[in-house]
Amino acid sequence: MTAGRWERAAEQYATGEHKSGDELRVAVEFAAPKGTERVLDIGAGAGHMALAMAPRVASVILTDPVDAMLDAARGVFRQAGIANADYIKAAAEALPFEAVSFDLVTTRLAAHPFGDLDLALREVARVLKPSGRFIFVDTVAPDDDESTRFLHEVETLRDPTHRHTLTRDEWVGRMQSQGFTVAQSAVVRKAHPFEPWLERGGEDAASMASVRNRFLAAPPAARAALEIVVRDGAVVSFTDTKLIVAARPQAPKG
Ligand SMILES: C[S@@+](CC[C@H](N)C(=O)[O-])C[C@H]1O[C@@H](n2cnc3c(N)ncnc32)[C@H](O)[C@@H]1O
């Protein structure tokens with residue numbers, strides 16, 4: 001992954017649209033914490049998923065491969081006066097934790113750049129207790145192929161670390177193939193003010209200009225699926241779909 005891109009984004013993740021959203025509320029609902037849980041958050045970014053869980057559980061460990069993200073998360077937790085958290089630098093594909101050690105593992109809007117998604121999912125299954133739950137949140141591809149191709153193109157143009165643009169069935173299929181049973185799932189729509197979205201991921205002025213142009217010339221199917229709003233020749237916003245899944249580790253065979 002390109003660490004520089006995430007380092008530039010850390011401050012924007014702390015204060016921008018990641019702070020809230022229906023997908024965060026549904027993720028906490030699906031986790032249904034009782035107050036005693038040991039929680040691991042993967043791809044913690046500036047810590048908003050972990051922060052939503054922390055007051056409701058015994059402890060949270062935030063992990064992210066980028067130091068600047070963990071620093072931003074420390075600041076967000078300090079500001080909120082929440083202290084039951086630890087911060088550990090780690091990628092999803094190599095979690096430095098013993099097997100069967102967490103009641104809940106969360107990951108919100110962080111799986112799309114995972115270099116090896118299947119390995120990361122196996123790592124989650126390994127560290128979860130048999131009674132534990134995996135709470136997953138990420139963007140889902142639109143229903144039609146043309147809009148999916150468009151979304152994948154603009155996401156990767158904006159952010160070269162973006163890898164996975166998957167439908168609901170593809171995300172769920174990957175989880176099932178790596179040892180999970182899906183217990184609950186939901187989708188919510190999320191509107192993105194365009195320029196802050198572009199700025200948060202934007203590599204450089206030239207690639208940002210290309211993304212703007214691609215949005216202005218979006219095929220009609222993508223314009224409808226992503227509710228692209230253009231006013232006075234400028235893109236104002238678009239809306240995508242977030243998938244929230246609660247999954248349980250399958251019992252080992254044999
Ligand atoms: C959009 S941010 C996450 C937002 C955060 N979960 C929240 O709820 O506010 C995506 C994060 O994924 C992290 N990331 C990228 N590749 C990763 C990997 N292979 N393993 C774990 N985290 C990764 C990035 O460093 C970044 O902090």
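What you are looking at is a predicted structure, and each value in this text was computed from that prediction instead of being measured. Per-chain numbering applies: the sequence of each chain, read as written, is numbered from 1 onward. Note on the predicted model: pLDDT of at least 70 is required for a residue's local features to be given, and 80 or more for side-chain atom pairs to be given and counted; whole-chain, interface and lining totals, by contrast, use all residues. Each side-chain value is derived from all of the structure's non-hydrogen atoms; neither hydrogens nor water enter the calculation.

Draft legend 1. Spotlight on the site of the ligand. One heavy atom within 4 Å of a molecule or strand makes the whole residue count as near it. Taken together, 21 residues lie around the ligand, and Gly43, Asp64, Ala92, Glu93 and Arg108 are the ones closest in. In protein, a polar contact means a hydrogen-donor-capable atom and an acceptor-capable atom, both N or O and within 3.5 Å, with residues adjacent in sequence counting only if both atoms are side-chain atoms; elsewhere, any N or O pair within 3.5 Å suffices. Residue alanine 92 places a main-chain N or O atom 2.9 Å away from a nitrogen atom belonging to the ligand. Arginine 108 places a side-chain nitrogen or oxygen 2.8 Å from an oxygen atom of the ligand. All accessible-area figures derive from a Shrake-Rupley calculation using a 1.4 Å probe, and residue coverage is judged against the displayed protein chains alone. Protein contacts shield 98% of the accessible area of the ligand, which totals 600 Å² for the unbound molecule. For this classification, the nonpolar set comprises Ala, Val, Leu, Ile, Met, Phe, Trp, Tyr, Cys and Pro, the charged set comprises Asp, Glu, Lys and Arg, and every other residue, Gly included, is treated as polar. Within the shell around the ligand, the residues separate by chemical class into 14 nonpolar, four polar and three charged.

Draft legend 2. Quick peek at the pairing of strand S8 (residues 234-249). Categorising residues by exposure relies on relative accessible area from a 1.4 Å probe, with only protein chains included: less than 20% of the type maximum marks a residue as buried, more than 50% marks it as exposed, and the intermediate range marks it as partly exposed. Numbering goes from the N terminus for both helices and strands, where a helix is a DSSP run of H or I of at least four residues and a strand is a run of E of at least two. Among the 16 residues in S8, 13 count as buried, and that is most of the element. Strand pairing is assigned whenever DSSP identifies at least 2 bridges connecting the two strands. Here strand S5 (residues 128-140) runs beside S8; their pairing, made up of seven bridges, is antiparallel. Bridge assignment links isoleucine 135 to a residue of S8, and that residue is alanine 246. Looking at chain direction, strand S6 (residues 180-193) and S8 are connected through 13 bridges and run antiparallel. Within S8, the residue paired with valine 188 across the bridge is lysine 242. Here strand S7 (residues 229-231) folds back onto S8, and the loop between the two strands holds two residues, one of which, aspartate 232, carries a positive phi near 50°.

Draft legend 3. Region of interest: the pattern of salt bridges. Definition used for salt bridges: Asp or Glu carboxyl oxygen within 4 Å of a side-chain nitrogen of Lys or Arg. Applying the stated criterion across every chain yields a total of 16 salt bridges. A salt bridge links aspartate 22 to arginine 25; the nearest nitrogen and oxygen atoms lie 3.7 Å apart. Taken together, the residues aspartate 22 and arginine 25, both in helix H2 (residues 22-31) and three residues apart, mark about one turn of the helix. Assessed through its relative accessible area of 40%, aspartate 22 is described here as partly exposed.

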